[in-house]
Amino acid sequence: MGTIADNLAAVRARIAAAARRAGRDPDAVRLVAVSKRVPTERLRQAIAAGQRLFGENYLQEAQEKIAEFDPAGELGWHFIGHLQSNKAKAAAENFTMVETVDRLKLATLLDRHAAMAGRVLAVLVQVNVGGERQKSGVAPEQAAELLRAMAGLPALRVMGLMTMPPWSAEAEASRPHFRRLRFLAEELTAQGLLGRHGKVELSMGMSGDFEVAVEEGATLVRVGTAIFGPRL
Ligand SMILES: *Cc1c(COP(=O)(O)O)cnc(C)c1O
């Protein structure tokens, strides 16, 4: 592994090359640096290297980092882990975006707590494209129903969809899942259930497959290991 600055530059170059291969504007893809269980010194280096958007999976760990590294609220923090209902208040108060909304009960709680905090919270609906039993996410066939119900929650701004395909050592194995998420987003947009707040976001792709995700239309890629090295 090089320095954090080198790794960030390499990941950004790979994102840009993948976007160009697909005839896309590289600036249409935002890099979420996944900093869960990363030593704080490496997080500090990423901020020094100009990275502004981070992804976190654990509420308490994230709250400590936000307090230490972003007291003025100048950075972006996306919650990307499984969110228990009893943590909805902390998530609604601390994050720029919650990417993992997969049930109406959670959406309703996030809406209530965002409203009480005087905020409008950007969210994504997590879709379980691979249909894996152990994974979070709404089934693709149920996404429309969830989005219809969420349209009545005024403090949430539904920006798009997120997915985590089945794990594979082969990046290409993720391609049909990423494509399925894009097609689903297009369908939901045609139905008027997405796209009310501008461009529809697709959060897909991690260290092993982010280039394939960019080729398939990702607007947010969530990359940890390729930037920070192995986690603690
Ligand atoms: C940890 C995590 C990532 C980053 O994974 P890497 O393989 O380290 O890039 C991306 N998305 C989610 C939801 C994660 O939990």
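The structure reproduced in this document is the subject of the present report. Please read all numbers here as calculations on a predicted model, not as lab measurements.

Here the focus is the overall build of the chain. For the chain, the helix and strand inventory stands at 9 helices and 8 strands. Its C-alpha atoms give the chain principal-axis dimensions of roughly 45 × 40 × 30 Å. Going through the 232 residues of the chain one by one, you find that 51% of them count as buried. As displayed, the chain has an accessible area near 10,600 Å², and 51% of this comes from carbon and sulfur atoms. Distance between charge centres in the chain, computed from 30 positive and 26 negative side chains, equals 2 Å.

Attention now moves to the site of the ligand. Close to the ligand lie 13 residues; K36, N57, S207, T225 and R231 are nearest. A distance of 2.5 Å separates an oxygen atom of the ligand from a polar atom in the side chain of S207. At a separation of 2.8 Å, an oxygen atom of the ligand approaches a polar side-chain atom of R231. Burial of the ligand by the protein amounts to 91% of the accessible area it has alone, namely 390 Å². The residue inventory of the shell around the ligand, partitioned by class, reads 6 nonpolar, 4 polar and 3 charged.

This part takes up helix α2 (residues 40-48). Buried residues of α2: L43, A46 and I47, and no others. Around the axis of α2, the buried residues are gathered within 100° of arc, so they sit on the same side. Along its buried surface, α2 packs onto α1 (4-21), β2 (53-56), α3 (59-69), β3 (76-79) and α9 (225-228). At the C-terminal side of α2, G50 shows a positive phi close to 100°.

Turning our attention to the nonpolar core. Formed by 69 residues in total, the largest nonpolar core has its most connected members in V98, L110, M150 and L161. In terms of residue count, α1 provides more of this core than any other element does, 6 residues in total. Ignoring any residue separated from it by four or fewer positions in sequence, one finds L110 in contact with L83, A88, A91, A92, V98, V101, L121 and L156. In this structure, M97, L124, M159 and L220 belong to the second largest nonpolar core, which totals 8 residues.

Within α3 the residues assigned to the buried category are L59, A62, K65, I66 and F69. Mapping the buried residues of α3 onto a view down its axis gives an arc of 130°, with all of them on the same face. For α3, the exposed residues lying more than 90 degrees away from the buried face are Q60 and A67. Packed against the buried residues of α3 are α2, β2, β3 and α4 (88-94).

Where a strand is regular, its side chains alternate between the two sheet faces. Burial of strand β6 (residues 156-163) is extensive: 7 of the 8 residues sit out of reach of the surface. Chirality of the crossover, the property in question, places the unit of strand β5 (residues 121-127), helix α6 (residues 143-150) and β6 among those that are right-handed. For β6 and strand β7 (residues 201-203), the ladder comprises 3 bridges, and the chain directions are parallel. Paired with L161 across the strands is L202, a residue of β7. Tracing the backbone out of β6, into helix α7 (residues 175-190) and back to the parallel element β7 gives a crossover that is right-handed.

Cut-offs and rules
Residues numbered from 1 in each chain as written. Predicted model: local features only at pLDDT ≥ 70, side-chain atom pairs only at ≥ 80, totals over all residues. Heavy atoms only, no water. Helix = DSSP H or I, 4+ residues; strand = E, 2+ residues; numbered from the N terminus. Buried < 20%, exposed > 50% of the residue type's maximum accessible area, 1.4 Å probe, protein only. Areas by Shrake-Rupley, 256 points an atom, 1.4 Å probe, with all protein chains shown as cover. Lys, Arg positive; Asp, Glu negative; His and termini not counted. Charge placed at Lys NZ, Arg CZ, Asp CG, Glu CD. Near = heavy atom within 4 Å. Polar contact = N/O pair within 3.5 Å; in protein donor to acceptor, adjacent residues only side chain to side chain. Nonpolar A, V, L, I, M, F, W, Y, C, P; charged D, E, K, R; others polar. Arc of directions from axis to C-beta. Contact = heavy atoms within 4.5 Å. Core = buried A, V, L, I, M, F, W, Y, C linked by side-chain atoms within 4.5 Å. Right-handed = clockwise from strand over helix to strand, strands pointing away. Pairing = 2+ DSSP bridges.

So far we have only geometry, and geometry alone does not tell us how the molecule works.
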